[in-house]
Amino acid sequence: MFGLFSNKNKNECPIDQEMRLWMEHAFLWLATQFGHKTILSKKVLVPTPQDFPVCYDGSQHSLLKTAEIVAVQMDINLDEVNLYAYDENIKAFDGGMGHRLFTEVDKSSKVKLAAGLYFDKNEEGKYDIFIEQKNLAEPENLVATLAHEFAHIKLLGEKRLDFNDEYLTDLTPVVLGLGIFNANACFRFYQGYDGWGHNSVGYLKQQEWGYALALYAFSRQELSPGWVKHLTKNLQSDFKRSEAFIYANQDKVFIEEYKGGC
């Protein structure tokens, strides 16, 4: 009806061609880095009490329990991570490890406060990660923030990259089974004072999150998987459009060459 499932629509990629080719190239690179079997076998975590049996009361305990779940999912050794919560209303404070954090921006600035900050290993050999306090009472935001900061560990900390790439960092939780949270949150990441942070706009656009998740499902040979119902309605629509394109163009997906940079 109304041509919603016409061949023409299936052949129209919902995202920019260059972004599509980059994403497929990046996905294959990540799969090589983390192992194709890992990508195929990891359970997709969803926002339910079964996957996250945590009382989200804004406490440090809720932060630590959530971090434990995300760390296991992403193969992170939490013993190598110092986790701290910070208050966005404080203009500046000393993180205690030689990190001087400034958490208030110019009121005229378009850049919002960071929801999370990542710092490479300190003198004690531990990563320092700071999470904005208000996220401790917002389960999906907390998981998304932790997943992104831990993705920095997977890429920068584990020396897979020697430069920061926020788009690739966005994509990392997707291939490790946490993409639902980051897609729903759609945070934007930017470089802050001596570290990396993000706010609520998102480097990957909404339709690009839909394509990333459809690509992930396709790589796992999952057609319209049940976990899609946990996406916001708009993202569910973006996922379905992307899935239709991918299955109608299997001679292109993961095959066409990406000629841009890494």
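Note that the structure is predicted; figures quoted are calculated from it, not measured. (Residues numbered from 1 in each chain as written. Predicted model: local features only at pLDDT ≥ 70, side-chain atom pairs only at ≥ 80, totals over all residues. Heavy atoms only, no water.)

If you tally the helices and strands in the chain, you get nine helices and seven strands. Burial statistics for the chain: of 262 residues in total, 51% are counted as buried. Pairs at least 24 apart in sequence give 68% of the contacts found in the chain among residues at least 6 apart. (Helix = DSSP H or I, 4+ residues; strand = E, 2+ residues; numbered from the N terminus. Buried < 20%, exposed > 50% of the residue type's maximum accessible area, 1.4 Å probe, protein only. Contact = heavy atoms within 4.5 Å.)

A word on the nonpolar core. Among the nonpolar cores identified, the biggest contains 71 residues, and Met-23, Val-70, Met-74, Leu-146, Phe-150, Leu-178 and Trp-227 are the most heavily contacted of them. A per-element tally of this core places helix α5 (residues 139-157) first, with ten residues. (Core = buried A, V, L, I, M, F, W, Y, C linked by side-chain atoms within 4.5 Å.)

All right, on to the side chain of Asp-51 then. Its place among the elements puts Asp-51 in the loop between α3 (36-41) and α4 (60-73). For Asp-51, a relative accessible area of 10% puts it in the buried group. Polar side-chain contacts of Asp-51 include one of 2.8 Å to the backbone nitrogen of Val-46. When residues no more than four places from it in sequence are discounted, the contact partners of Asp-51 are Lys-43, Val-44, Leu-45, Val-46 and Ile-69. (Polar contact = N/O pair within 3.5 Å; in protein donor to acceptor, adjacent residues only side chain to side chain.)

It is worth spelling out the packing of helix α6 (residues 166-175) against helix α8 (residues 206-219) at this point. Where α6 contacts α8, the two axes come as close as 10 Å, and the packing angle between them is 40°. With respect to each other, α6 and α8 are oriented oblique. Regarding α6 and α8, the two cross each other, and that crossing is right-handed. Residues Asp-170, Leu-171, Val-174 and Val-175 of α6 form the contact with α8, whose participating residues are Trp-209, Ala-212, Leu-213 and Tyr-216. (Axes fitted to C-alpha atoms, helices over the stretch in contact; angles between N-to-C directions. Parallel < 35°, antiparallel > 145°, perpendicular 65-115°, else oblique. Left-handed = near helix turned anticlockwise from the far one by under 90°.)

Bringing the packing of α5 against α6 into the picture now. At a minimum axis distance of 8 Å, the contact between α5 and α6 shows a crossing angle of 110°. Classified by the interaxial angle, the pair formed by α5 and α6 is roughly perpendicular. In contact with Ala-147, His-148, Ala-151, His-152 and Leu-155 of α5, α6 contributes Glu-166, Leu-168, Thr-169, Asp-170, Thr-172 and Pro-173. In terms of residue class, the contact of α5 with α6 is built from five nonpolar, four polar and two charged. (Nonpolar A, V, L, I, M, F, W, Y, C, P; charged D, E, K, R; others polar.)

Next up on the list: unusual backbone geometry. A positive phi angle is found at Gln-221, which is not glycine, with a value near 60°. In this fold, Gln-221 is placed in the loop between α8 and α9 (233-248). Under the relative-accessibility criterion, Gln-221 is labelled exposed at 74%.

With 79% of its residues at a pLDDT of at least 70, the chain reaches an overall mean of 83. Note on residues 1-5: pLDDT under 50 across the span, and three contacts to partners over four residues away in sequence or across chains. For residues 100-113, every residue scores under 50 in pLDDT, and the model assigns this stretch 35 contacts once sequence neighbours within four places are set aside. (pLDDT = per-residue confidence, 0-100.)

Taken as a whole, this structure holds ten aromatic pairs when the rule is applied. Here the aromatic rings of Phe-52 and Phe-181 are separated by 5.2 Å at their centres, their planes lie at 70°, and the arrangement is edge-to-face. In this pair, Phe-52 sits in the loop between α3 and α4 while Phe-181 sits in helix α7 (residues 179-185), placing the two residues 129 residues apart along the sequence. Look at Phe-52 and you get buried, because its relative accessible area is 6%. (Phe/Tyr/Trp six-rings, centres within 6.5 Å; stacked < 30°, edge-to-face > 60°.)

Moving on: the pattern of salt bridges. The full count for this structure, using the stated rule, is nine salt bridges. Glu-256 is the salt-bridge partner of Arg-20, the closest N and O atoms lying 2.2 Å from each other. In this pair, Arg-20 sits in helix α2 (residues 17-34) while Glu-256 sits in the segment after α9, placing the two residues 236 residues apart along the sequence. Residues Lys-42 and Asp-75 are paired through a salt bridge, measuring 3.6 Å at the closest nitrogen-oxygen approach. (Salt bridge = Lys/Arg side-chain N within 4 Å of Asp/Glu carboxyl O.)

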